[in-house]
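Each chain, written out:
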Amino acid sequence: LVQLDAVVSTFYGGSQEQIAKADAALAAVREHWWSAGPWRLLEALAGAQVATPTVLWSCALVEQWLRRRWRRLPESERAACRMSVVQLIIAAAQSRASGTGKRASASEDKLIASKLEHLLASLLRADWPAGWPSFLPDLLQAPQLDDSARLRISLLLAEEAIASRGGGREGEAADGGDRGLSCRWSSQHASIRALLEANGGQQAAQLLSLCHRAIAGGMPGGDAALAAESVQLGLAIVARFSPCIPLPVLLAPALLDLLPRLLERFRCSVLKLLAELSRVESAAQHSSSQPLALLHAAMRDVFGRVLVRLPPQFARA
């Protein structure tokens, strides 16, 4: 590891001749770990006292390996890789929370944590939910993580697994070339919804409970500086997952009652969430009218608070 650290340092900061020799040496390293599993190298480097560029180089190697080899690997190898990346992210989150990172500065620790989360995003995009159904409950129940880390990873999961286009409940029309994409999005949403609805909607309820704690932390009287990021994350997660969460869980009074009171400080996020929630009306025939009545009441309250701030001519329109 020390020799690899020196080679990477030379590759990024040596003379032209030294860079050429370092590149040849790194090619041999890539060839060896390509068959052995480069995530094992990343695991060793992340726990060692090596320079940040060396860890980032190994992250890039793992990312290339995932793109080219992942589908051909046996499930045992894929499971071991997933577990390793998750453990590295947990260790990085604990280091950031305690201020005991291995890097020379907090910004370097943050950069490595971001690269690890990018690797996790690649794994989630490939395997969740069908190939990794335990990920969400494991995340929500991990004792090593605080709510802030759970929120960041949950949003990452939502952004990677739930398409930003084609959201909403089943039954929305698609035309021309968009029809195939719409079918894939609907299939993905159906798989995620089935997972969240299993066991009486236990996973959906746990996810919403996490978001509710974050959103409630932004109520007046709390520490605004510490709570603002968590509130934004909580609102964004609910908005992203809204097409896949059972309506009675999604439209719970505990969540909806908070939205009007958060409007002053988090206007854009609240309005974006309400725009997503309003799309659930297309499924009203499949659900009790009570959750929709709660949603309508929350929307009336929010828009009533918005209207009083508009010029009279706009309010009348």
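In case you missed it, the structure is sitting above this.
Because the structure is a prediction, the values reported are computed rather than measured.

Caption draft 1: A look at the side chain of S230. Examined against the element boundaries, S230 turns out to sit in helix 10 (residues 224–241). Judged by relative accessible area, S230 falls into the buried class, the value being 18%.

Caption draft 2: Here's a closer look at the packing of aromatic side chains. Summed over the entire model, instances satisfying the criterion amount to three aromatic pairs. Seen from the ring of W132, R82 lies directly overhead, with NZ or CZ sitting 5.2 Å from the centre.

Caption draft 3: Looking closely at the nonpolar core. With 88 residues, the main nonpolar core has L116, L120, W128, F135, F241, V270 and L277 as its most contacted residues. The residues touching V270, leaving out its near neighbours within four places in the chain, are L235, L259, L262, L263 and V302.

Caption draft 4: Quick peek at the pattern of salt bridges. Under the counting rule described, the total for this entry stands at 11 salt bridges. Between D147 and R150 there is a salt bridge; the shortest N-O distance is 3.0 Å. Pair noted here: D147 and R150 are both in helix 8 (residues 147–161), with a separation of three residues, about one helical turn. What makes D147 partly exposed here is its relative accessible area of 27%.

The rules behind each value
- Residue numbers run consecutively from 1 along every chain, following the written order of its sequence.
- Reporting in this predicted model follows two pLDDT cut-offs: at least 70 for local features of residues, and 80 or more for side-chain atom pairs to be given and counted; totals over whole chains, interfaces and linings ignore these cut-offs and use all residues.
- To get the side-chain values, take all heavy atoms of the structure and skip hydrogens and water.
- The secondary structure listing takes helices from DSSP runs of H or I that are at least 4 residues long and strands from runs of E that are at least 2 residues long, numbered from the N terminus.
- Under the scheme applied here, a residue whose accessible area is under 20% of the maximum for its type counts as buried, over 50% as exposed, and between as partly exposed, the area being computed with a 1.4 Å probe on protein chains only.
- Between 30 and 60 degrees the pair is tilted, below 30 it is stacked and above 60 it is edge-to-face, where a pair is any two Phe, Tyr or Trp rings, Trp via its six-membered ring, whose centres lie within 6.5 Å.
- Charge-over-ring contacts are defined here by two conditions on Lys NZ or Arg CZ: a distance within 6 Å of the ring centre and an angle within 35 degrees of the ring normal.
- What is meant by a nonpolar core is a set of buried Ala, Val, Leu, Ile, Met, Phe, Trp, Tyr and Cys residues, joined one to another through side-chain atoms within 4.5 Å.
- Here, two residues are considered to be in contact whenever any of their heavy atoms come within 4.5 Å of each other.
- Salt bridges, as used here, are contacts in which a Lys or Arg side-chain nitrogen is within 4 Å of a carboxyl oxygen on Asp or Glu.

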